[in-house]
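A closer look at the structure
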Amino acid sequence: MLRVVIIFQILFFSGFVSAQENIEVEYPFSHKRVPDSAKLIVCELFPGEKVKWIIEHNNRGDYLEAKLKVNKTRISIKFNRKGVFEDIEVEVSLSEIEEMVSNKIKSKLANDFDRFKIKRIQYNCSGEQSEVLKFYKTGKAGLDSISKHFEIVVYGIEDKKIKSYEYIFSLNGNFLERLVNAEGNTDNLLF
Amino acid sequence: MWYSSIYSQEGCENLFSGVVNLNHSLQINNRYQLKSGFERRLPVDLSNKAFFSGTVVTRNHLTIGIQRKLSPLYSIAAGGIYRISEGGNKQRLFQQIAHVQQTLSRFKIAHRLRLDKTFSNLAPEYRIRYRLGAELPSRGFRVDPGETYFALLSEFLMKYKGDTQIPELRITTQLGYLFKGGNKGEFLFDVRIQNPGANSENLFLIGLGYYFSN
């Protein structure tokens, strides 16, 4: 039995770490601990809606995120841990994007992959809080003070590699950044 | 892993056993992975008049298979198992198709359809198996490195041997931990009900499993 324990100890503490992967850790966060400033913004934008608060931890740091669903549309509003507004993301479908832009995005993806499938598109809006919120509510704002882009999760086959990626495109459909999403081990479910 | 099993009451046999298993995944290229595994059943005799009626004989399984990724969600696999047991050695060939998806809620859902054929000194046995599994992280929306998880798997099997057909139901619970390199270690509890009904044979297994890759 001791041998078994030792073998497991060795195995447990051995690891194979891969680099340049986009690893995000999310866990629930009590609304009681959310700064009032963050709650106020969410209540102002979505009065009466049910909100789920989470902490998102990624390579850039820790963020507080309010997730909600409004008319079947998933929306998330990100804050820093002190409750200062960071950005707002709204899930959109490819058909909702201007055809010229969506064609440009698809063209880039077709160029990068042998085959691909778009899993999720989010419209991201960040910058000066008042202008972003004004833009979200009215569709109008000082364009210099806010930044908008699309975040797209794509499953793609590239050089026979099948992976999940996160792409960032400008509103014009210009490619900005790409990250590889970390893959999970599913052998316990399949074997 | 360790396991346990049970037998007793009228017509039902409840057996208890321990089990340990070790599973390795080798990335051959971007589509193919070589899967190998070792499992050992450890007899643990908890027999008493109230519930358990015995344990199982010691047996070791060696598994080797190859998995091909069809997409980020679908994969197929085929391979063989060699079982060394006091009751006689057996060989088994299997093939499967699987689908795993991270849902937008907190669950990762997996479906597996497997067909296998077992060879021994007796007539060959064919089995068709469907397994549905769900994995739930202890926090957040997916299992991240350094996090514990809980998984529940239920599987229905139909065994065909000669003219006989025997159904079996398996329910497995796993309490595991995902290490930074993507390796997983888990405690598991497995209940296998063969021929559900008045004369069922129930096997209760408790064990440890470890999944690692490179």
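Residues numbered from 1 in each chain as written. Chains lettered and ligands numbered in written order. Predicted model: local features only at pLDDT ≥ 70, side-chain atom pairs only at ≥ 80, totals over all residues. Heavy atoms only, no water.

Observations regarding the overall build of chain B
Helix and strand counts for chain B stand at zero helices and twelve strands. Mapped from its N terminus to its C terminus, chain B presents α and β elements in the order β-β-β-β-β-β-β-β-β-β-β-β. Taken over 214 residues, chain B has a buried fraction of 48%. Taking the contacts inside chain B whose residues are at least 6 apart along the sequence as the reference set, 49% of them involve residues at least 24 apart. By element, 61% of the accessible surface of chain B is carried by carbon and sulfur atoms, the whole surface being about 10200 Å². (Helix = DSSP H or I, 4+ residues; strand = E, 2+ residues; numbered from the N terminus. Buried < 20%, exposed > 50% of the residue type's maximum accessible area, 1.4 Å probe, protein only. Contact = heavy atoms within 4.5 Å. Areas by Shrake-Rupley, 256 points an atom, 1.4 Å probe, with all protein chains shown as cover.)

Observations regarding the side chain of Thr-172 of chain B
Residue and element names in this part refer to chain B. Take Thr-172: it is sitting in strand E10 (residues 164-178). A polar contact of 3.1 Å, which involves the side chain of Thr-172, links it to the side chain of Asp-190. For Thr-172, the residues in contact, after removing those within four places along its chain, are Ala-151, Leu-152, Leu-153, Phe-189 and Asp-190. (Polar contact = N/O pair within 3.5 Å; in protein donor to acceptor, adjacent residues only side chain to side chain.)

With respect to the interface of chain B and chain A
Contacts between chain B and chain A engage 50 residues on the former and 35 residues on the latter. The junction of chain B with chain A conceals about 3800 Å² of combined surface from both sides, 62% of it contributed by carbon and sulfur atoms. In this structure, the connection of chain B to chain A is made through one salt bridge. A salt bridge links Asp-187 of chain A to Lys-35 of chain B; the nearest nitrogen and oxygen atoms lie 2.8 Å apart. For the pair chain B and chain A, the number of links is ten residue pairs in polar contact (both at pLDDT 80 or more). Here the side of chain B that touches chain A gets five residues from one element, more than from any other, and that element is strand E7 (residues 108-119) of chain B. Split by residue class, the side of chain B that touches chain A holds 19 nonpolar, 18 polar and 13 charged. (Buried area = accessible area lost by both parts, 1.4 Å probe. Salt bridge = Lys/Arg side-chain N within 4 Å of Asp/Glu carboxyl O. Nonpolar A, V, L, I, M, F, W, Y, C, P; charged D, E, K, R; others polar.)

A short note on the pairing of strand E7 (residues 115-127) of chain A
Residue and element names in this part refer to chain A. For strand E6 (residues 85-92) and E7, the ladder comprises six bridges, and the chain directions are antiparallel. Across the sheet, residue Ile-88 finds its bridge partner in E7, namely Cys-125. By the bridge criterion, twelve bridges tie E7 to strand E8 (residues 146-158) in an arrangement that is antiparallel. Among the inter-strand pairings, Ile-121 is bridged to a residue of E8, identified as Ile-152. (Pairing = 2+ DSSP bridges.)

Some points on the pairing of strand E9 (residues 147-161) of chain B
All names here are of chain B. Direction of pairing for strand E8 (residues 125-137) relative to E9: antiparallel, over a ladder of 13 bridges. Its bridge partner being in E9, Arg-127 is matched across the sheet by Lys-159. Taken together, the 15 bridges between E9 and E10 define a ladder with antiparallel strand orientation. Bridging across to E10, Ser-154 finds its partner in Ile-171. A loop of two residues connects E9 with E10, the two strands running antiparallel in sequence, and Gly-162 in this loop sits at a positive phi of about 60°.

Describing the nonpolar core
Ranked by size, the top nonpolar core spans 39 residues in total, and within it Trp-53, Ile-77, Phe-79, Ile-88 and Phe-150 of chain A carry the most contacts. Discounting chain neighbours no more than four positions away, the residues touching Ile-88 of chain A are Leu-45, Phe-46, Ile-75, Ser-76, Ile-77, Tyr-123, Asn-124, Cys-125, Val-132 and Tyr-136 of chain A. Ranked by size, the runner-up nonpolar core spans seven residues in total, among them Leu-189 of chain A together with Ala-98, Ala-110 and Leu-153 of chain B. (Core = buried A, V, L, I, M, F, W, Y, C linked by side-chain atoms within 4.5 Å.)

Examining the confidence of the model for chain A
Residue and element names in this part refer to chain A. Per-residue confidence for chain A gives a mean pLDDT of 81, with 83% of residues at or over 70. Mean pLDDT across the secondary structure elements of chain A bottoms out at helix H1 (residues 2-12), with 43, and peaks at helix H3 (residues 99-112), with 95. In the predicted structure, residues 4-20 sits below a pLDDT of 50 and forms 18 contacts with residues beyond four places in sequence or in another chain. (pLDDT = per-residue confidence, 0-100.)

Here's the deal with a positive patch on the surface
Residues and elements named next belong to chain A. Together, Lys-50, Lys-52, Lys-69, Lys-72 and Arg-74 make up a positively charged patch on the protein surface. With respect to the helices and strands, the residue Arg-74 is situated in strand E5 (residues 73-79). In this structure Arg-74 comes out as partly exposed when scored by relative accessible area, which is 32%. (Patch = residues over 30% accessible without salt bridge, like charges linked within 9 Å, V, L, I, M, F, W, Y side chains within 5 Å. Lys, Arg positive; Asp, Glu negative; His and termini not counted. Charge placed at Lys NZ, Arg CZ, Asp CG, Glu CD.)

Side note on H3 of chain A
Here H3 of chain A contains 14 residues, and its C-alpha end-to-end distance of 20 Å stays within 8% of the 20 Å for a straight helix at 1.5 Å per residue. In this structure, the buried side of H3 of chain A is in contact with E7, E8, strand E9 (161-170) and strand E10 (175-181) of chain A. (Expected span 1.5 Å × (residues − 1).)

What about the packing of helix H2 (residues 36-45) of chain A against helix H4 (residues 129-138) of chain A?
Residue and element names in this part refer to chain A. Orientation of H2 relative to H4, taken along the N-to-C sense of each, is 20°, at an axis distance of 11 Å. Considered as vectors, H2 and H4 are oriented roughly parallel to each other. Of the two elements, H2 crosses H4, and the hand of that crossing is right-handed. Two secondary-structure elements touch here, H2 through Ile-41, Glu-44 and Leu-45 and H4 through Gln-129, Leu-133, Tyr-136 and Lys-137. Partitioning the contact of H2 with H4 into residue classes produces four nonpolar, one polar and two charged. (Axes fitted to C-alpha atoms, helices over the stretch in contact; angles between N-to-C directions. Parallel < 35°, antiparallel > 145°, perpendicular 65-115°, else oblique. Left-handed = near helix turned anticlockwise from the far one by under 90°.)

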